[in-house]
Amino acid sequence: MAHDHHHIHSNETRTIIAVALSLAAMLLELYFGYTINSMALVMDGWHMLTHVMVLLLAYLTYKIIDWNLLPNTSEHRILSASGFFSSMLLLGVTIWMLIESLMKFTNPQIDVTNGALITAIVGLVVNGIAAYLLHEGHVHDHNDMNLSAAYLHVLADVILSVFAIFALLSAKYFNITWMDAVCGVLASLIILKWSATLLRKSWFDLNQA
């Protein structure tokens, strides 16, 4: 069944705004994350890069439908294929983040600056705005696996931002440097569960389309 093109165009607009916001926050997080050696902040930055890629893929998918570049393929199948690829990317990156977080236990040192803490808070705000934008489209079209995958990526970054802020505060004010690695592991496990669920659903939808 064809999707409502009003929803397609509306989701396009939400997606491209989320890309612009996320790209700026990503650069800040990676800079400060590597500067202070914070695994939680670095993870949030790299994960934000993947969701920028996923958001761009989502936007491209909408353009493929809009321009009718695959006339013999249903809209639902195109959206499901994009959602499946996005969930695969999320799963792969999260597994890498989990391994990196576990390795961080051997070197838990972290030097938290005010700039890094502010950056983490900015990242949370940006992720929150992006999640809200995509949630509006997700609510109106639950069958759009393309948007669902993009929304899940951004929601995962909200979780990462919260954990990153908690880890930075723990290290800065209580000198609990190992909390950085713990937060990385916990966030990874949560996102792994989400990505596995989305992978199964998008695969099912792809085969049913």
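Everything below is about the structure printed above this text.
Let me begin by describing the structure that accompanies this report. Everything numeric here is computed off the predicted structure, so don't read it as measured data. (Residues numbered from 1 in each chain as written. Predicted model: local features only at pLDDT ≥ 70, side-chain atom pairs only at ≥ 80, totals over all residues. Heavy atoms only, no water.)

**Some details on the overall build of the protein chain**
When helices and strands are counted, the protein chain shows six helices and zero strands. A total of 209 residues make up the protein chain; the buried ones form 52% of that total. Taking contacts inside the protein chain between residues at least 6 apart in sequence as the whole, the part at least 24 apart equals 83%. Here the protein chain displays about 9,700 Å² of accessible surface, and carbon together with sulfur accounts for 70% of that area. (Helix = DSSP H or I, 4+ residues; strand = E, 2+ residues; numbered from the N terminus. Buried < 20%, exposed > 50% of the residue type's maximum accessible area, 1.4 Å probe, protein only. Contact = heavy atoms within 4.5 Å. Areas by Shrake-Rupley, 256 points an atom, 1.4 Å probe, with all protein chains shown as cover.)

**Considering the environment of Glu75**
The residue Glu75 is located in helix H3 (residues 75-104) in this model. Its relative accessible area of 14% is what places Glu75 among the buried residues. The sequence separation of Glu75 and Ile65 amounts to ten residues, and the corresponding C-alpha distance is 6.4 Å.

**A few points about the packing of helix H2 (residues 39-66) against H3**
With their axes 10 Å apart at the nearest point, H2 and H3 run at an angle of 170° to one another. Of the possible angle classes, the one that applies to H2 and H3 is roughly antiparallel. Counted by class, the contact of H2 with H3 contains 17 nonpolar, seven polar and three charged residues. (Axes fitted to C-alpha atoms, helices over the stretch in contact; angles between N-to-C directions. Parallel < 35°, antiparallel > 145°, perpendicular 65-115°, else oblique. Nonpolar A, V, L, I, M, F, W, Y, C, P; charged D, E, K, R; others polar.)

**Considering the side chain of Asp157**
Its location among the elements puts Asp157 in helix H5 (residues 145-174). No salt bridge is formed by the buried Asp157, whose closest oppositely charged neighbour, Lys104, lies at an N-O distance of 17 Å. Apart from residues lying up to four places away in sequence, Asp157 is in contact with Asp44, His47, Met48, His51 and Asn127. (Lys, Arg positive; Asp, Glu negative; His and termini not counted. Salt bridge = Lys/Arg side-chain N within 4 Å of Asp/Glu carboxyl O.)

**Here we look at the packing of aromatic side chains**
Enumeration according to the criterion identifies two aromatic pairs in this entry. Ring geometry for Tyr31 against Phe32: centres 5.0 Å apart, planes inclined by 80°, an arrangement best described as edge-to-face. Relative to Trp203, the ring of Phe84 has its centre 5.2 Å away and its plane inclined at 45°; by these criteria the two rings are tilted. Here the residue Phe84 occupies a position in helix H3, and Trp203 occupies one in helix H6 (residues 179-208), the gap between them amounting to 119 residues. Taking relative accessible area as the criterion, Phe84 reaches 21% and is therefore assigned partly exposed. By relative accessible area, which is 46% here, Trp203 ends up partly exposed. Lying over the aromatic face of Tyr173, Lys172 brings its terminal NZ or CZ to 5.7 Å of the ring centre. (Phe/Tyr/Trp six-rings, centres within 6.5 Å; stacked < 30°, edge-to-face > 60°. Lys NZ or Arg CZ within 6 Å of the ring centre and 35° of its normal.)

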